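# Notes for the structure review
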Amino acid sequence: MFGDQTSTSLTPPPLPNKAITVCCGAFHVAALLSDNTVVAWGSNTFGQCTIPVVITPDLLISQLCCGFSSTGVLTSDGRVFCWGRCSPPSLDGIPDLGTGFIPPASGGKHREGRIVRISLGNKSSAASTDSGTLLLWGDDAFGRATSLPQCCMLTDR
């Protein structure tokens, strides 16, 4: 969490380092700073501005992404960490992750390939792998997460 959290203002507090990437959720903003730290401000209703302790400067972040009420990062080794309201119960029964992370497979490689891009939406999210496979998770209303078989869900069963 960044700033004093006494309001839901999207006005950025003074940043300790240069912002190199920024993303916007519905009522929050997150930035990746030049020292490889992540900061977020605005509404923290679902914990989307509370950066998990596992997100440290030595974790090389290759992508920062905001969903409606979630925030996530993709690391250079293909691991995905999401926090806030990451998803409601998904197809394979995984509940809302709350403040937590999507467990990576061994070595950051999912069984469908190394994750190279992520996108967080309102109630569903997606990732793509180096093999071109799309991984979808979250709310399945309107078929958002069922265009692929369950084996392609971003889980480590």
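Since the structure is predicted, the reported quantities are computational estimates derived from the model, not experimental observations. Position labels on residues start from 1 in each chain and follow its written sequence. Residue-level local features of this predicted model are given only where pLDDT is at least 70; pairs of side-chain atoms are given and counted only at 80 or more, and the full residue set underlies all totals for whole chains, interfaces and linings. To get the side-chain values, take all heavy atoms of the structure and skip hydrogens and water.

### Side note on the sheet that holds strand β3 (residues 38-42)
When DSSP finds two or more bridges between a pair of strands, those strands are recorded as paired. Counting from the N terminus, the helices are the DSSP runs of H or I reaching at least four residues and the strands are the DSSP runs of E reaching at least two. Here three strands make up an open sheet; going across it, the order is β1-β2-β3 and the pairing antiparallel. Both edges of this open sheet fall to β1 (19-24) and β3, since each of them pairs with a single strand only. Along the sheet, successive strands turn relative to each other by an average axial angle of 20°, direction set aside. Pairing of β1 with strand β2 (residues 28-33) involves five bridges; the strand directions are antiparallel. What counts as an axis is a line fitted to C-alpha atoms, over the stretch in contact for a helix, and the angles between N-to-C directions run from 0 to 180 degrees.

### A word on the nonpolar core
Counting 15 residues, the largest nonpolar core has V38, I55, L64, V73 and W83 as the members making the most contacts within it. Breaking this core down by element, the ones donating at least two residues are β2, β3, β4 (61-66) and β6 (80-84). Here the element with the most residues in this core is β4; it accounts for three residues. Throughout, a contact is declared for two residues whenever any of their heavy atoms are within 4.5 Å. Among all residues touching L64, those that are not within four sequence positions of it are T21, C23, A30, A31, L32, V38, T71, G72 and V73. Take the buried Ala, Val, Leu, Ile, Met, Phe, Trp, Tyr and Cys residues and link them wherever side-chain atoms come within 4.5 Å; each set so joined is a nonpolar core. For every residue, the accessible area obtained with a 1.4 Å probe (protein chains only) is divided by the maximum for its type, and the residue is called buried under 20%, exposed over 50%, and partly exposed between those limits.

### Things to note about the sheet that holds β6
Pairing is antiparallel across the open sheet formed by three strands, whose spatial order is β4-β5-β6. One side of each edge strand has no neighbouring strand; the edge strands of this open sheet are β4 and β6. Sheet twist, expressed as the mean angle between neighbouring strand axes with direction ignored, is 15°. Bridge analysis of β4 against strand β5 (residues 70-75) gives five bridges, and the strand direction is antiparallel. Bridging from a neighbouring strand, I61 pairs with T75 of β5.

### Here we look at the side chain of T71
Here T71 is to be found in strand β5. A residue is classified by how much of its surface remains accessible, and T71, at 0% relative accessible area, is buried. Separated by 3.0 Å, the side chains of T71 and H28 make a polar contact. Pairing of N or O atoms within 3.5 Å defines a polar contact, subject to two protein rules: one partner must be a possible hydrogen donor and the other a possible acceptor, and residues neighboring in sequence count only if both atoms are side-chain atoms. Of note is the side chain of T71, whose polar atom sits 2.8 Å from the backbone oxygen of Q48. The residues contacting T71, other than those within four sequence positions of it, are H28, A30, Q48, L64, C65, C66, F81, C82, W83 and L120.

### Remarks on unusual backbone geometry
For N36, which is not glycine, the phi dihedral falls at a positive 70°. With respect to the helices and strands, the residue N36 is situated in the loop between β2 and β3. Taking the relative accessible area as the measure of exposure, N36 reaches 13% and is therefore buried.

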